[in-house]
Every structure is written in C-alpha cells, then in structure tokens.
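A closer look at the structure
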Amino acid sequence: MKLLITGAAGFIGSNFVDFILEKYPEDKVVCLDKLTYAGNLENLARHRRDSRFQFVRGDICDRECVFALLEREQVDCIVNFAAESHVDRSLEDPGTFLRTNVQGVCVLLDGTNAFQIPRFHQISTDEVYGDLPLGQPNQKFSEDSPLRPSSPYSASKAAADLLSLSYFRSFGTPVTITRSSNNYGPRQFREKLIPRMIFRTMAGQPLPVYGDGQNVRDWLHVRDHCSAVDLVIRKGLPGSVYNVGGGTERSNLELVKLLLTLMGERESRISFVPDRKGHDRRYAISTEKIEQELGWRPVTDFSRGILETLQWYQAHSEQGGASRD
Ligand SMILES: NC(=O)c1ccc[n+]([C@@H]2O[C@H](COP(=O)([O-])OP(=O)(O)OC[C@H]3O[C@@H](n4cnc5c(N)ncnc54)[C@H](O)[C@@H]3O)[C@@H](O)[C@H]2O)c1
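A brief report on the enclosed structure follows. These numbers come from a predicted model, not from an experiment.

**Points about unusual backbone geometry**
Even without being a glycine, Leu35 presents a positive backbone phi close to 55°. With respect to the helices and strands, the residue Leu35 is situated in the loop between β2 (28–33) and β3 (53–57). One non-glycine residue, Gln116, adopts positive backbone phi at about 50°. Along the chain, Gln116 falls in the loop between α4 (94–114) and β5 (120–125). Using a relative accessible area of 68% as the deciding quantity, one classes Gln116 as exposed.

**Digging into the site of the ligand**
Near the ligand lie 29 residues; those nearest to it are Ile12, Asp33, Ser85, Tyr153 and Lys157. With respect to the ligand, the side chain of Tyr153 contributes an N or O atom lying 2.6 Å from an oxygen atom. In isolation the ligand offers 840 Å² of accessible surface; the protein chains occlude 96% of this area. Secondary-structure elements contributing two or more residues to the shell around the ligand are α1 (11–23), β5, α5 (152–171) and β7 (182–184). With three residues, the single largest contributor to the shell around the ligand is β5. Tallied by class, the residues present in the shell around the ligand amount to eleven nonpolar, 14 polar and four charged.

**Comments concerning α5**
If you check α5, its first and last C-alpha atoms are 28 Å apart, about what 20 residues at 1.5 Å a residue would give, namely 28 Å. Of all the positions in α5, only Tyr153, Ser154, Ser156, Lys157, Ala158, Ala160, Asp161, Ser164 and Tyr167 are classed as buried. Those residues of α5 that are buried are in contact with α3 (87–92), α4, β5 and β6 (175–180). The first or second residue beyond α5 is Gly172, which carries a positive phi of 75°.

**So, helix α6 (residues 193–202)**
Counting buried residues along α6, eight of its ten residues qualify, which places the element largely inside the surrounding structure. Positive phi appears at Gly204, one or two residues downstream of α6, with a value of about 75°.

**Digging into the packing of aromatic side chains**
Under the counting rule described, the total for this entry stands at nine aromatic pairs. A centroid spacing of 5.1 Å and a plane angle of 20° characterise the contact between Tyr129 and Phe141, whose relative ring orientation is stacked. Within this pair, whereas Tyr129 is found in the loop between β5 and α5, its partner Phe141 is found in the loop between β5 and α5, the two being separated by twelve residues in sequence. Residues Tyr129 and Phe141 agree in their burial class; the two are buried. Between Phe199 and Tyr313 the ring centres are 5.7 Å apart and the planes differ by 90°, which places this aromatic pair in the edge-to-face class. Here Phe199, found in helix α6, pairs with Tyr313, found in helix α10 (residues 302–315); they are 114 residues apart in sequence, far enough to count as distant. Residue Phe199 is classed as buried on the basis of its relative accessible area of 4%.

**Here's the deal with the sheet that holds strand β1 (residues 2–6)**
The parallel open sheet is built from seven strands, whose spatial order is β3-β2-β1-β4-β5-β6-β10. Looking at which strands have only one partner, the edges of the open sheet turn out to be β3 and β10 (240–244). Neighbour to neighbour, the strand axes of the sheet diverge by 20° on average, direction disregarded. Pairing analysis gives three bridges linking strand β4 (residues 77–80) to β5, with the strands arranged parallel. When the sheet's bridge partners are listed, Ile78 is paired in β5 with Phe120. Its contacts with the sheet place α1 against β1, β2, β3 and β4, and it is angled at close to 165° to β1.

**Concerning the sheet that holds β7**
Taken in spatial order, the three strands line up as β7-β9-β11 in an open sheet, and their pairing is mixed. Among the strands making up the open sheet, the edge pair consists of β7 and β11 (249–251). Neighbour-to-neighbour, the strand axes of the sheet open up by a mean angle of 50°, direction not taken into account. Alignment of β7 against strand β9 (residues 216–221), held across three bridges, turns out to be parallel. Residue pairing across strands places Asn183 opposite Leu220, the latter belonging to β9. Contacts from α10 reach β7, β9 and β11, with the element oriented near 60° to β7.

Thresholds applied
- Residues numbered from 1 in each chain as written.
- Predicted model: local features only at pLDDT ≥ 70, side-chain atom pairs only at ≥ 80, totals over all residues.
- Heavy atoms only, no water.
- Helix = DSSP H or I, 4+ residues; strand = E, 2+ residues; numbered from the N terminus.
- Buried < 20%, exposed > 50% of the residue type's maximum accessible area, 1.4 Å probe, protein only.
- Near = heavy atom within 4 Å.
- Polar contact = N/O pair within 3.5 Å; in protein donor to acceptor, adjacent residues only side chain to side chain.
- Areas by Shrake-Rupley, 256 points an atom, 1.4 Å probe, with all protein chains shown as cover.
- Nonpolar A, V, L, I, M, F, W, Y, C, P; charged D, E, K, R; others polar.
- Expected span 1.5 Å × (residues − 1).
- Contact = heavy atoms within 4.5 Å.
- Phe/Tyr/Trp six-rings, centres within 6.5 Å; stacked < 30°, edge-to-face > 60°.
- Pairing = 2+ DSSP bridges.
- Axes fitted to C-alpha atoms, helices over the stretch in contact; angles between N-to-C directions.

In structure tokens, the structure reads:
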C-alpha cells in the first residue's frame, strides 16, 4: 500500500508513519506537512534514509500542490492528520481552524474523487460530541450521538466529519472517520497538557490547572490510536465512523497529581487558574463498534504508558524548553 499521510510531522501523524513503516515492509509513505509551529521534521528524522519514505512541504489547502502530488504519486489511501489542533488557540483565532480543518479537508476530498483514490481517512476527535456531565459514569457517546461541539476547534472538526460523510453520500467517495479521545505519548507539542506539565515541573514553574481541575478526559496511547487507524483504513467500511478510546478516564487534576508523584514533586506546585471559555466537563466514548466489527482493543496499560511518556520527555527536554507563558 502507498499512503499519503498529511500532518505527518506532528504528534500523531509522525507516530503513525513509524507504525506503518515498522509493521509493513512493503508499504510506502508520502508525507505532506505545512510545518506550522506544531510540525517538526525531527519527528520524522529516523526515516530520512528509508527509500519507502518521502517528505513534501505543503499546505492541504493548496489545491494545486495537493492535486499535483496526487497525480504524481498514485497513492492507495490518504490519511489526514493535518489540522490546527489546540482548543485554546481556536478561541483566539477561529478563522485559521476553519481554513485548515474544513477547507483543507474539502481539497483532499476533491483530490480523492479526481484521482479515484480507494480510501480517504479523516482523523477526527471525540470533542465533536460536546461534553457529558460529571457523576454519570455510565453515560458515553456512541457514533450515532448528536454532534454538539463546544469550541471553534471541535466545531471545525465536526464540520469536516459532516463534509466527508456528505461526499460519501453524494459522490460515493470511499471515506472513513475515526473519532479518538485524548492521545498521550512521545512527541506531543509542548503546549498540550501532559508535556506542558512535565516541562514546567522540570523548569521549577507552577503548574496551572484550569478551574477546579475536575474536567475528565479519556486517555489513549498514541500507538493504540495508530493501530486503530491502520485497521480502519484496511478493513473499515466506507461511509463509517469509528470511536477510538483508551477506556482510561482521569480528571485533569488527577493526571497532574500523578505526574507530580512520578517526578517526586509536591502537589503545592499546582496553581488553579480561571477556567477556559466553554470548557467541556467530561468526554467519554463507547468503543463497542470498532471492538466488535474490527476486533480492535487498546493494549497499552495507562500506568506503564504514562511512565514511559514521562521518561521520553525527560530524555528529550530540548524539544520542550520553558512553556510559552
Ligand atoms: N492530540 C490529540 O489528543 C488528538 C485527539 C483526537 C484527535 N486528534 C486529531 O488528530 C490529528 C493530529 O493531531 P496532533 O495532536 O498530532 O496535532 P499536531 O498539532 O501535533 O500536528 C498537526 C500537524 O499538521 C500540520 N498542519 C497544520 N496545518 C496544515 C496544513 N494546512 N497543511 C498541511 N499540514 C498542516 C502541522 O504542521 C503539524 O505537523 C488532528 O486532526 C487532531 O484534530 C488529536
């Protein structure tokens, strides 16, 4: 299989490139990335000399660039990780999110049709469902739950999902979508919760926690996310959406306290700060569909995964440095 992986220089995209090249000796990958502030070519450095790997710097919104690439490379599948991905930034500059996360997806869908690519896979998020109240652990979103995004980020991702599904219905475009919960693992950009807290702890800075810290997220190891996407692009049904979750719910406060404990630091480092606008309370998704239809399960134990993640950031602190605030 030859895959076009967009957003490949980012956190999840670069882990997916590793996953494919390690698992499938016959596969080839063409990586397309604009290298925004969140993209880092170092994330792909280990593949530089692999003849199965190619990197192209480009914008998924640039129709000419995308179409020329698709014409030249004749890929079997597009996996779209390219996105503006940080909720806080979307509150400051929603327009940039609409451009990449919606218009960019439109270009990729048009390219899929124009060059009759056998599969377009859109990487989405559980945030498209909005949030759930605390204290009702049995409530979870399924793939059929209504979309009620809370932030410009999640609204742009929901729009991309709907656009993709409309292409399936209108043109028969072979689209699949995965909606995953919060990922953790190596190479996440330092603005996100886990690396941010680790680097601030290492720098002796206070650890800012939004509101009361009770907001709950489900954590999924990035490698488990990659195995789900791999399964869906090869065996998933066109026109289908699959939730992908780790089944590991933690409040932000619990998570920060765990990191402090693992780093041998005191909880007094935590400083509560005014809540994020529209901050979602709890995300939780049912993963029954992907488990039953495709036999996927997450395999990374959270305690082991988080410890390895911490150790990775400690060993790569030059990629983090001090936080931006
Ligand atoms: N990180 C998570 O926990 C999480 C959870 C669920 C879903 N997702 C989704 O997974 C995908 C990847 O997330 P991530 O955390 O790896 O993001 P990231 O911000 O680390 O990486 C995004 C990558 O996309 C590139 N990019 C941005 N705009 C582009 C454009 N116009 N053209 C080409 N490349 C562009 C960036 O340079 C970067 O390399 C996103 O679609 C995100 O919505 C992420």
